[in-house]
Amino acid sequence: MMRVLSMVVPAYDEEAFIGSMIEAILRVDVETSGFTKEIIVVNDGSTDGTEAVVRRYPHVRLINQHPNQGRGAALRRGIDAATGDYILFQDADLEYDPADYPAMLAVLQSGDQVVYGNRLAGVIREFGRGLFPGKHPKQGVAPWAAALVIRAWTSVLVGHWVPDMYSGLKLYPARPLQQLELETSGFELDHEITVKLYRGGVAFGEAPIRYRPRSVEEGKKIRPKDGIVALWTVLRYRVTPYSRCVRALPRNVGRVG
């Protein structure tokens, strides 16, 4: 029996990119991996033509939320709406290539495993290690270093080396993800989810992916202050009582504190 892969795409003023992204998702072959597609675009209060572009694709589910509430809020809407066995986060810009979906699906070892795309490994594979291993030539040193600091901070607090949390490609088993009590609305949702799933004992894996960073002028929305919010979010949900992190306790998984 084919399983369903729900791709959740949060989009805010992505008229220039969203059509190309949908086309790329439609082209990628997940059927060979045993999946069919459910594409969900959450239009997060866009003021441009994002909604009109998405409506050109009849097989794409469009969810409009107004006003703009943040990437995390859009992802939460998509998580709740998804009907698939697995849920995949895909940013609406062209920084991440849907052609990497099969590589991520190939990493799955069990029904409850999470797979994060690893940008650093993908960049090293393409460009070599260089002076700053894993930094794309178009990526600034500060964002590259900040991601490593946040990753190390999270790893210390959860007691495991965590995957690339700032990756825009993440694959989750639907059941554990939809059982989480999610609260954040910005980029920090990725960190909230990561900490809560680790505390729930869910297994994590990684797959090298391609990465093409874009600039602020091209529409990149994450800012330095989001790094500070990420550090606080990780600490907050590491010390929050676990009973408040989930809607219902996951079955057949361990638990960390």
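Now for a look at the structure at hand. Everything numeric in this text was worked out from a predicted model, so none of it was measured.

Let us now look at a nonpolar patch on the surface. On the surface, a cluster of nonpolar side chains totalling about 410 Å² of accessible area is made up of W153, W232, L235 and V239. The element that contributes the greatest number of residues to the nonpolar patch is helix α9 (residues 224-239), accounting for three residues. With respect to the helices, strands and loops of the structure, W153 is situated in helix α6 (residues 141-158). On the accessibility criterion, W153 (33% relative accessible area) is partly exposed.

What follows deals with the sheet that holds strand β3 (residues 60-65). The seven strands lie next to each other as β3-β2-β1-β4-β6-β5-β7, forming an open sheet whose pairing is mixed. Across the chains shown, the open sheet's two edge strands, defined by having one partner strand only, are β3 and β7 (204-208). The average angle at which neighbouring strand axes cross in this sheet is 20°, direction not considered. In the packing of helix α5 (residues 119-127) onto the sheet, the strands contacted are β5 (114-118) and β7, and the crossing angle to β5 comes to about 40°.

Moving on to the nonpolar core. Judged by nonpolar contacts, the single largest core of 37 residues is most densely connected at I87, F89, Y172, L177, I193 and L197. Counting residues per element, the ones that place at least two in this core are β2 (35-44), α3 (71-81), β4 (86-90), β5, α6, α7 (174-178), α8 (189-199) and α9. When residues of this core are assigned to their parent elements, the largest contribution, five residues, is made by α8. When neighbours within four sequence positions are excluded, L197 is seen to be in contact with V114, Y172, P176, L180, V202 and F204. With 32 residues, the next largest nonpolar core counts L5, A11, V28 and V41 among its residues.

Let's shift gears to the environment of I209. Its place among the elements puts I209 in the loop between β7 and α9. By relative accessible area, which is 0% here, I209 ends up buried. Along the sequence, I209 and Q113 sit 96 residues apart, while their C-alpha atoms lie 18 Å from each other. Sequence-distant contacts of I209, defined by excluding residues within four places in its chain, comprise Y96, D100, M104, G117, N118, R119, G122, V123, R125, S167 and L169.

If you check α9, its first and last C-alpha atoms are 24 Å apart, about what 16 residues at 1.5 Å a residue would give, namely 22 Å. Within α9, the full set of buried residues consists of D226, G227, A230, T233, V234, Y237 and R238. Buried residues of α9 fall within an arc of 120° about the axis and therefore sit on the same side. Seen from the open side of α9, the exposed residues pointing more than 90 degrees away from its buried face are P224, K225, I228, W232 and V239.

So, how was this worked out
Residue positions within a chain follow its written sequence, with the count starting from 1. Residue-level local features of this predicted model are given only where pLDDT is at least 70; pairs of side-chain atoms are given and counted only at 80 or more, and the full residue set underlies all totals for whole chains, interfaces and linings. Neither water nor hydrogens contribute to the side-chain values; these are computed over all heavy atoms in the structure. Surface patches are drawn from residues lacking salt bridges whose relative accessible area is over 30%; two like charges belong together within 9 Å, two nonpolar side chains (Val, Leu, Ile, Met, Phe, Trp, Tyr) within 5 Å. Note on areas: Shrake-Rupley, 1.4 Å probe, and residue coverage restricted to the protein chains presented here. Salt bridge criterion: a side-chain nitrogen from Lys or Arg within 4 Å of a carboxyl oxygen from Asp or Glu. Helix numbering and strand numbering both begin at the N terminus, where a helix is a DSSP run of H or I of at least 4 residues and a strand a DSSP run of E of at least 2. For each residue, the accessible area found with a 1.4 Å probe, counting protein chains only, is set against the maximum for its type, and the residue is called buried under 20%, exposed over 50%, and partly exposed in between. Pairs of strands are assigned from DSSP output, requiring at least two bridges between the strands. Inter-axis angles, ranging from 0 to 180 degrees, are taken between N-to-C directions of lines fitted to C-alpha atoms, where helices are fitted over the stretch in contact. Any two residues having at least one pair of non-hydrogen atoms within 4.5 Å are treated as being in contact. To form a nonpolar core, buried Ala, Val, Leu, Ile, Met, Phe, Trp, Tyr and Cys residues must be joined to one another through side-chain atoms within 4.5 Å. For a helix, the expected span equals 1.5 Å multiplied by the residue count minus one. By arc we mean the arc of the directions from the helix axis to the C-beta atoms, nothing more.

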